[in-house]
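# Reading the structure
The residues making up each chain are set out below.
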Amino acid sequence: MNIPIEWSVAGPAVIVAIGALVALLVDAFYPRRTWLGSGLPSSVALLWGGIELLRLRDDIVPSTFALSLIVLAGTLIVVVASNVMNFENAMPPGEYHFLVLAAASGALMMVAARDLVTLIVALELLSLPSIALVGLRQGDSRAIRSAWTFFLASVVSTAITLMGVSLLYGVAGTLDYDGLATGLRDTDMPDSVVAVAVVLTIVGLLFKLGAVPFHVWIPDTYLGAPVMVAGFLSSVSKAASLGAVLTLLAEALPRTYDTWQPLMAIVAAVTMTVGNLGALRQTNAVGMLAWSSVAQAGFLIAPAAALLTTDGVSAPVQYLAVYALANLVAFAALAVVLRLRGSLDYSELKGLARTDPPTGVPLVLAALTLAGFPPAVIGLVTKYVVIRPVVEGDHVWLAVVMAVNVMLGLAYYLRFVAVLVDRPAIDDPYRSPSPPVSIRISKAAVLIGTAGLVALSAWPDLLLSNLP
């Protein structure tokens, strides 16, 4: 079996992988182990990968280009914002940046995969470093437990995916997407066998996306992981998983639309509802964002019900771009708050927008964007964008569920905003007239991401015209 590989298109993933090795070597031989020492080559590799991606834009499928850009930009924000962990002896900087870039290269391979072998290899290249990142902090028993939870979920999801892949290969006799589409159309196998193969493959990927009922690992993992690792999982990892699912369904499994369309619609509806109900009960910012990411996965999956329409692929990609940026701004700001205050409970965040505007105001804007509530116009626009193909595909019941869940989301996002803008009970004892350089760098990442949200809210066409 000969599966052709376009090595030129794989350029960004190869560059990022090389950057991971360089970051590890610099950390090993540089006299002082600082986050800037290994973070600088990591940032350079991500920027170089972005330049290479732009050079190859005409040779890449538009949706793959957009998803790859989200992965690279999101990883860059994670790397820069992670400077807040500088001189935290429990977190080795070289290993951290190596694992982040290794996972990012896997994510880039995932969104570009056009055969099932590449997809599985990329899935593991993303998953294994991500698991290590969750449990990397030395002496943190909760992080280790969270890593084990993530590991077990990953093992189960990979096993289920491999079962589905082996059945698809047995049915179609090939592993590349074009061959699968043809083989499934011409096969003499019973429809029940094809349906089982398709469902097992999709279910395994939905584990990574955090869809219900495969979401149980997310809250525990996010709460136990370092804050920026949780941000990476909620944005970059989700982008890769979504890209893999959409590409597989649209290019390899269009003939089985009647099998997976009802499954995706039901999973989307249940996922956004369970995620929102879980978020309503949270009093910790990371816990709220963890359950929120489950709910947002439902919104990302919903357009798959109309995937074969004009906007079936573009709508979730555009929604993902805004969701990922807002989520990363929120997690980066919370990483700074955790470094200064030691807690992310709502009681500790009360009045943050008043006492520390450079951190609190971006958190407010990120929450409003995720809620789709003005003045974060881009959040409202993308909510419309993601609901429109569902309505046009005559899935009215799903559109109604999405509208109800938008209202549920408003409840806990606006509650979080109310905490941030409330009057603090006492003067803020954590303000420092001269914060360390590492915190300033992390705050710069927060402000740059916030500027992106402001620009997109002022000119939504920047997103809608330039991403497919």
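Notes on the structure in this doc start here. Only a predicted model underlies this, so the values are computations on that prediction, with no experimental measurement involved.

### What about the overall build of the protein?
Helix and strand counts for the protein stand at 20 helices and zero strands. Residues classed as buried in the protein amount to 60% of the 468 residues present. Here the protein displays about 17800 Å² of accessible surface, and carbon together with sulfur accounts for 67% of that area. Looking at the protein, you have 24 positive and 28 negative side-chain charges, and the mean spots of the two groups are 13 Å apart.

### Here we look at the environment of G452
Secondary-structure assignment places G452 in helix α19 (residues 437-458). Since its relative accessible area comes to 23%, G452 is described here as partly exposed. Counting along the chain gives 337 residues from G452 to D115, while the straight-line C-alpha distance between them is 34 Å.

### Looking at the nonpolar core
One finds Y96 and L349 to be the most contacted residues of the largest nonpolar core, which totals 165 residues. Among the elements that line this core, the one with the most residues is helix α13 (residues 314-341), at 19 residues. If near-sequence neighbours (up to four positions away) are discounted, Y96 is found in contact with W35, V78, S82, M85, M91, L133, L136, M228 and V229.

### Points about helix α9 (residues 217-224)
A large share of α9 lies buried, amounting to six of its eight residues. Turning to α9, its buried residues are W217, I218, P219, T221, Y222 and G224. If you follow the buried residues of α9, they end up packed against α5 (116-134), α6 (141-172), α8 (191-209), α10 (227-252), α12 (285-301) and α13.

### Topic: helix α3 (residues 62-81)
Between its first and last C-alpha atoms α3 spans 29 Å; for 20 residues at 1.5 Å apiece the expected length is 28 Å, and the two agree. Counting buried positions along α3 yields 15 of 20 residues, so the element is predominantly enclosed.

### Remarks on the environment of L248
Its place among the elements puts L248 in helix α10. Exposure remark for L248: the relative accessible area of 1% places this residue in the buried category.

### Focus: the environment of L462
Examined against the element boundaries, L462 turns out to sit in helix α20 (residues 461-464). On the basis of relative accessibility, which here comes to 45%, the residue L462 falls in the partly exposed class.

### Some thoughts on unusual backbone geometry
With glycine set apart, most residues show a phi of negative sign, and most peptide bonds adopt trans. That bond from V212 to P213 is cis: its omega, 10 degrees, falls within 30 degrees of zero. Relative to the helices and strands, P213 is located in the loop between α8 and α9. With an omega of 10 degrees, the peptide bond running from P374 to P375 counts as cis. Among the structural elements, P375 can be located in the loop between α16 (357-371) and α17 (377-392). Residues other than glycine seldom take positive phi values, yet D394 does so here, at roughly 65 degrees.

### Some remarks on the packing of α8 against α10
In contact at an axis separation of 8 Å, α8 and α10 are set at 160 degrees when each is read in the N-to-C sense. With respect to their mutual orientation, α8 and α10 come out roughly antiparallel. The way α8 lies across α10 gives a crossing that is left-handed. For the pair formed by α8 and α10, the contact residues are T201, I202, L205, K208 and L209 on the first element and K238, S241, L242, V245, L248 and L249 on the second. Its residues assigned to classes, the contact of α8 with α10 comprises seven nonpolar, two polar and two charged.

### Structural notes on the side chain of K208
Looking at the element boundaries, K208 is found in helix α8. Excluding residues within four positions of it along the chain, K208 makes contact with L123, S127, S154, S157, T158, W217 and S241.

### Structural notes on the pattern of salt bridges
This structure, assessed with the given rule, holds five salt bridges. Here D191 ties to R255 by a salt bridge, and the two come within 3.6 Å at their closest N and O atoms. Taken together, the residues span a long stretch of sequence, with D191 in helix α8 and R255 in the loop between α10 and α11 (257-280) at a distance of 64 residues. The class of D191 is exposed, set by a relative accessible area of 54%. Look at R255 and you get partly exposed, because its relative accessible area is 39%.

Scoring rules and cut-offs
- Residues numbered from 1 in each chain as written.
- Predicted model: local features only at pLDDT ≥ 70, side-chain atom pairs only at ≥ 80, totals over all residues.
- Heavy atoms only, no water.
- Helix = DSSP H or I, 4+ residues; strand = E, 2+ residues; numbered from the N terminus.
- Buried < 20%, exposed > 50% of the residue type's maximum accessible area, 1.4 Å probe, protein only.
- Areas by Shrake-Rupley, 256 points an atom, 1.4 Å probe, with all protein chains shown as cover.
- Lys, Arg positive; Asp, Glu negative; His and termini not counted.
- Charge placed at Lys NZ, Arg CZ, Asp CG, Glu CD.
- Core = buried A, V, L, I, M, F, W, Y, C linked by side-chain atoms within 4.5 Å.
- Contact = heavy atoms within 4.5 Å.
- Expected span 1.5 Å × (residues − 1).
- Axes fitted to C-alpha atoms, helices over the stretch in contact; angles between N-to-C directions.
- Parallel < 35°, antiparallel > 145°, perpendicular 65-115°, else oblique.
- Left-handed = near helix turned anticlockwise from the far one by under 90°.
- Nonpolar A, V, L, I, M, F, W, Y, C, P; charged D, E, K, R; others polar.
- Salt bridge = Lys/Arg side-chain N within 4 Å of Asp/Glu carboxyl O.

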